[in-house]
Amino acid sequence: MALRHAVLAALLDGELSGYQLAKAFDVGVANFWHALPQQLYAELARLEREGLVAGRQVVQETRPTKRLFHVTDAGLTELERFAAAASKPSFIRDDLLVKVQAADHVDAGPLIRQVEERAAMAEAKIDLFRRILRKMRGGLGEEEFLRTGGRVGPYLTCLRGLAFEEGNRDWCLRIAAILRERSAAGPGGGTTAMTREGTAPAPRNPEVAHAER
């Protein structure tokens, strides 16, 4: 997937300025495709040159003139082609997971704080997604909206974002509790001490240990 397809999909709801597109990404699209405003503006310009979007000038009396963009027939054809193509699996790169991987060899305090901070961030996103979903539904219940709502695609991607953040929050809270409990248990915390080479030291022969005393 390229940024262009995320932009084209975001413009399906109607005309947007570059600023409005950036806001739309920040609120909804960013849960599956992150892009900086500068990247979006540059992509809009490329799409317009290629005829996949078209822009028009809007003169405002008390504000600077702005350009509004919409998807062209060629842009819809490109989205059709993209939607029919096989999707590649996604991969996770997360520095916090690297730190958790090394939890047995690092100070637990800072790691616990970072995991709890991630949980708090996830909770804030959960609240945002729930508010977005309520706004999308209007006065409808979720099942009714999913059956009869106008455009369901953005709702479905927000559901994915909500599920991801709920899982993220729950995992972080569990990991923080586990690390705190093991830390309170004292050195070792139930883990096997490792040598510098990364292997567990071999158990000593009791007879040899007694002879050394």
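Quick caveat: nothing in here was measured; it's all calculated off a predicted structure. (Residues numbered from 1 in each chain as written. Predicted model: local features only at pLDDT ≥ 70, side-chain atom pairs only at ≥ 80, totals over all residues. Heavy atoms only, no water.)

S.K.: For the packing of helix α1 (residues 3-10) against helix α4 (residues 73-84), give the residues involved together with the corresponding values.
M.R.: When two helices pack together, their arrangement is given by the angle between the helix axes and by the axis-to-axis distance. Where α1 contacts α4, the axes come no closer than 10 Å and their chain directions differ by 120 degrees. One element, α1, and the other, α4, form an angle in the oblique class. α4 is crossed by α1, and the crossing has left-handed handedness. Mapping the contact onto sequence places His5, Leu8 and Ala9 in α1 and Gly75, Glu78, Leu79, Arg81 and Phe82 in α4. Looking at the contact of α1 with α4 residue by residue, the class counts come to 4 nonpolar, 2 polar and 2 charged. (Axes fitted to C-alpha atoms, helices over the stretch in contact; angles between N-to-C directions. Helix = DSSP H or I, 4+ residues; strand = E, 2+ residues; numbered from the N terminus. Parallel < 35°, antiparallel > 145°, perpendicular 65-115°, else oblique. Left-handed = near helix turned anticlockwise from the far one by under 90°. Contact = heavy atoms within 4.5 Å. Nonpolar A, V, L, I, M, F, W, Y, C, P; charged D, E, K, R; others polar.)

S.K.: Break down the side chain of glutamate 43 for me, with residues and values.
M.R.: The topology assignment puts glutamate 43 in helix α3 (residues 37-49). The class of glutamate 43 is buried, set by a relative accessible area of 7%. If near-sequence neighbours (up to four positions away) are discounted, glutamate 43 is found in contact with Leu3, Arg4 and Val7. (Buried < 20%, exposed > 50% of the residue type's maximum accessible area, 1.4 Å probe, protein only.)

S.K.: Which residues make up the packing of aromatic side chains, and what are the values?
M.R.: Using the criterion set out here, one finds 1 aromatic pair in the structure. Both rings, one in phenylalanine 145 and one in tyrosine 155, keep their centres 4.8 Å apart while their planes meet at 45 degrees; by these two values the pair is tilted. One end of the pair, phenylalanine 145, is in helix α7 (residues 142-148); the other, tyrosine 155, is in helix α8 (residues 153-184), and 10 residues separate them in sequence. (Phe/Tyr/Trp six-rings, centres within 6.5 Å; stacked < 30°, edge-to-face > 60°.)

S.K.: With reference to specific residues and values, describe the confidence of the model for the protein.
M.R.: Of all residues in the protein, 87% have pLDDT values of 70 or greater, and the mean over the chain is 85. In the model of the protein, helix α9 (residues 206-212) stands out as the element of lowest mean pLDDT, 49, in contrast to helix α5 (residues 95-101), which has the highest, 96. Every residue in residues 190-203 scores below 50 in pLDDT, and together they form 12 contacts with partners more than four places removed in sequence or on other chains. (pLDDT = per-residue confidence, 0-100.)

S.K.: Describe α8, naming the residues involved and giving the relevant values.
M.R.: Relative to the 46 Å expected for 32 residues at 1.5 Å per residue, α8 spans 47 Å between its end C-alpha atoms, a close match to the ideal helical length. Where α8 is concerned, the buried positions are Tyr155, Cys158, Gly161, Leu162, Glu165, Asn168, Arg169, Cys172, Ile175, Ala176 and Leu179. Packing partners of the buried residues in α8 comprise α5, α6 (108-137) and α7. Trailing α8 by a residue or two, glycine 186 shows a phi angle of about 100 degrees, which is positive. (Expected span 1.5 Å × (residues − 1).)

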